[in-house]
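Residues per chain are reported as follows:
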Amino acid sequence: MRRNPNMQNVISFKKARANKRYVIKQTTFLYTDGSKISGALGAAVHTSTRELKIKLPPYGSIFCAELAGLLEAVQLALRHVDGNFIICSDSLSALQAIQHRYSTNPLVQKIAEERKTALLLNKEPMFMYTPSHVGITGNGRADDLAKSAALDAALPEINYGLSTDWKSIIKSAVINTWPSQWDLDSSHLHRITPSVNQDLHLPLDRRSQVILSRLRLGHTPLTHSYLLNQEDRPLCIFCQQSDLTITHILRDCPALINSRKACQVNCGNCSMLFEDWFKLKSFLRSIKLINNL
Ligand SMILES: [Zn+2]
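Everything quoted here is computed from the prediction, not taken from an experiment.

### A short note on the coordination of the zinc ion
Here is step 1 of the chain: Coordination of the zinc ion by the protein is provided by Cys 236 (SG), Cys 239 (SG), His 248 (NE2) and Cys 253 (SG), with metal-donor distances spanning 2.2 to 2.3 Å.
Here is step 2 of the chain: Around the zinc ion sit 4 donor atoms, and with donor-metal-donor angles ranging over 101 to 119° the site reads as tetrahedral.
Here is step 3 of the chain: Mapped onto the sequence, the donors of the zinc ion take the spacing C-x2-C-x8-H-x4-C. Placement of Cys 239 in the loop between α9 (221-228) and α10 (246-252) and of Cys 253 in the loop between α10 and α11 (257-262) is noted, with a sequence separation of 14 residues between them.
Here is step 4 of the chain: Of the residues examined, Cys 239 reaches a relative accessible area of 13% and is grouped as buried.
Here is step 5 of the chain: On the basis of relative accessible area, Cys 253 is assigned to the buried category, the value being 0%.

Listed below in structure tokens is the structure:
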């Protein structure tokens, strides 16, 4: 394990094996693990005399399960272990997280509280990073238990109330609902951007970004200043046949067919118009509207 100045009370498996101070007879090793399998989440603690399985709500993260395993291990050690104990985890990120003194993660805070309680009882919780898949028996058993906990339908779920996990649920609900809601929209922006997954960001200069955003929204000084001036909606300045709108100028105006062709502007549908900003820009420049947008 790389040295990290913040990793207090965390020792590496190699160091523990080399240093008999940690591997004395009275030391109890508690192996923890978290697992996500078939969409279900579980965690576990394994010692030579006890095993604990924890089932978590399926929307949680594997990181949450790893922290839950650490928390349950500390609590189990405080209740049932006399003497020294070392809590082993194969999650370096979880072990690093519990070192952050000002973490806002409720599980990290709870583990910090339990560590303080342990110190009051003259116990000093030690944590050990035990890499997975290197033949450490306790690790393997904890992994099996965590998977079993995740798939155990009879085990009640424990909700540790992590806001980060709720965020991921809300985010995925929005992503799932948004496309169907967006399909019902009939605005100019929807015609320009039929898919919510479309990346609208282009590395352009500020002025180009402003013009492009206004074109996408269909609201520009050219087409909408009549509202501020309390005038009637103007007709197209090129053909005098239709209302002056962005869609009409970019795609429909018959008087601009040659200009579009000359600049190779793709006018198959609105969204295609924005695929090549530089052609569109040269078209707008050629019809002398670039400064009115
Ligand atoms: Zn026109």
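### Description of the packing of aromatic side chains
Here is step 1 of the chain: Scanning the model with the defined rule gives 1 aromatic pair in all.
Here is step 2 of the chain: Between Phe 29 and Tyr 31 the ring centres are 6.5 Å apart and the planes differ by 20°, which places this aromatic pair in the stacked class.

### Overview of the side chain of Thr 32
Here is step 1 of the chain: Along the chain, the position of Thr 32 falls in strand β2 (residues 28-37).
Here is step 2 of the chain: The exposure class of Thr 32 is buried, given its relative accessible area of 1%.
Here is step 3 of the chain: Residues in contact with Thr 32, not counting those within four places in the same chain, are Ala 44, Val 45, Gly 69, Leu 70, Ala 73, Ile 87, Cys 88, Ser 89, Asp 90 and Ala 142.

### Some points on helix α4 (residues 106-120)
Here is step 1 of the chain: The first and last C-alpha atoms of α4 sit 21 Å apart over 15 residues, in line with the 21 Å expected at 1.5 Å per residue.
Here is step 2 of the chain: Considered for burial, the residues of α4 that qualify are Leu 107, Val 108, Ile 111, Glu 114, Arg 115 and Ala 118. Buried residues of α4, seen end-on, are gathered within an arc of 120° and therefore sit on one face of the element. Every exposed residue of α4 that faces more than 90 degrees away from the buried side is listed here: Lys 116 and Leu 120.
Here is step 3 of the chain: Turning to α4, the residues buried within the fold contact α2 (62-80), α3 (92-97) and β6 (126-129).
Here is step 4 of the chain: Sitting at the head of α4, Asn 105 places a side-chain oxygen 2.8 Å from the backbone nitrogen of Leu 107.

### Side note on the pairing of β6
Moving residue by residue along a regular strand, the side chains alternate between the two faces of the sheet.
Here is step 1 of the chain: Every second residue of β6 is oriented toward a common face, with Met 126 and Met 128 on one face and Phe 127 and Tyr 129 on the other, all of them buried.
Here is step 2 of the chain: Taken together, the 4 bridges between strand β5 (residues 85-89) and β6 define a ladder with parallel strand orientation. Note that in β6 the partner of Ile 87 across the bridge is Phe 127.

### Topic: the packing of helix α8 (residues 206-217) against helix α13 (residues 277-286)
Here is step 1 of the chain: Taken N-terminus to C-terminus, the directions of α8 and α13 make an angle of 85°; their axes are 12 Å apart at the nearest point. Here α8 lies roughly perpendicular to α13, going by the angle between them. Each of Ser 208, Ile 211, Leu 212 and Leu 215 in α8 lies in contact with α13, whose residues at this interface are Trp 277, Leu 280, Lys 281 and Leu 284.
Here is step 2 of the chain: When its residues are assigned to classes, the contact of α8 with α13 shows 6 nonpolar, 1 polar and 1 charged.

### Concerning the environment of Phe 238
Here is step 1 of the chain: Within the element layout of this structure, Phe 238 appears in the loop between α9 and α10.
Here is step 2 of the chain: With a relative accessible area of 29%, Phe 238 lands in the partly exposed category.
Here is step 3 of the chain: Those residues within four positions of Phe 238 in sequence are excluded, and the remaining contacts are Cys 253, Ala 255, Leu 256, Ile 287 and Leu 289.

### Topic: the nonpolar core
Here is step 1 of the chain: Grouped together as the largest cluster of nonpolar side chains are 31 residues, with contacts concentrated most on Leu 30, Leu 56, Leu 67, Leu 70 and Ile 87.
Here is step 2 of the chain: Where this core is concerned, the elements lending two or more residues are β3 (40-46), β4 (51-56), α2, β5, α3, α4 and β6.
Here is step 3 of the chain: Looking at this core, the element that brings in the most residues is α2, giving 11 residues.
Here is step 4 of the chain: Non-local contacts of Leu 30, meaning those with residues more than four positions away in its chain, are made with Val 45, His 46, Thr 47, Ala 73, Leu 76, Ala 77, Phe 85, Ile 86, Ile 87 and Cys 88.
Here is step 5 of the chain: By size, the runner-up hydrophobic cluster in this structure holds 25 residues, among which are Leu 204, Ile 246, Cys 253 and Leu 280.

The rules we used
- Residues numbered from 1 in each chain as written.
- Predicted model: local features only at pLDDT ≥ 70, side-chain atom pairs only at ≥ 80, totals over all residues.
- Heavy atoms only, no water.
- Donors = N, O, S within 2.8 Å, 3.2 Å for Na, K, Ca; no water.
- Tetrahedral: all angles 85-135°; square planar, octahedral: opposite > 155°, others 65-115°.
- Helix = DSSP H or I, 4+ residues; strand = E, 2+ residues; numbered from the N terminus.
- Buried < 20%, exposed > 50% of the residue type's maximum accessible area, 1.4 Å probe, protein only.
- Phe/Tyr/Trp six-rings, centres within 6.5 Å; stacked < 30°, edge-to-face > 60°.
- Contact = heavy atoms within 4.5 Å.
- Expected span 1.5 Å × (residues − 1).
- Arc of directions from axis to C-beta.
- Polar contact = N/O pair within 3.5 Å; in protein donor to acceptor, adjacent residues only side chain to side chain.
- Pairing = 2+ DSSP bridges.
- Axes fitted to C-alpha atoms, helices over the stretch in contact; angles between N-to-C directions.
- Parallel < 35°, antiparallel > 145°, perpendicular 65-115°, else oblique.
- Nonpolar A, V, L, I, M, F, W, Y, C, P; charged D, E, K, R; others polar.
- Core = buried A, V, L, I, M, F, W, Y, C linked by side-chain atoms within 4.5 Å.

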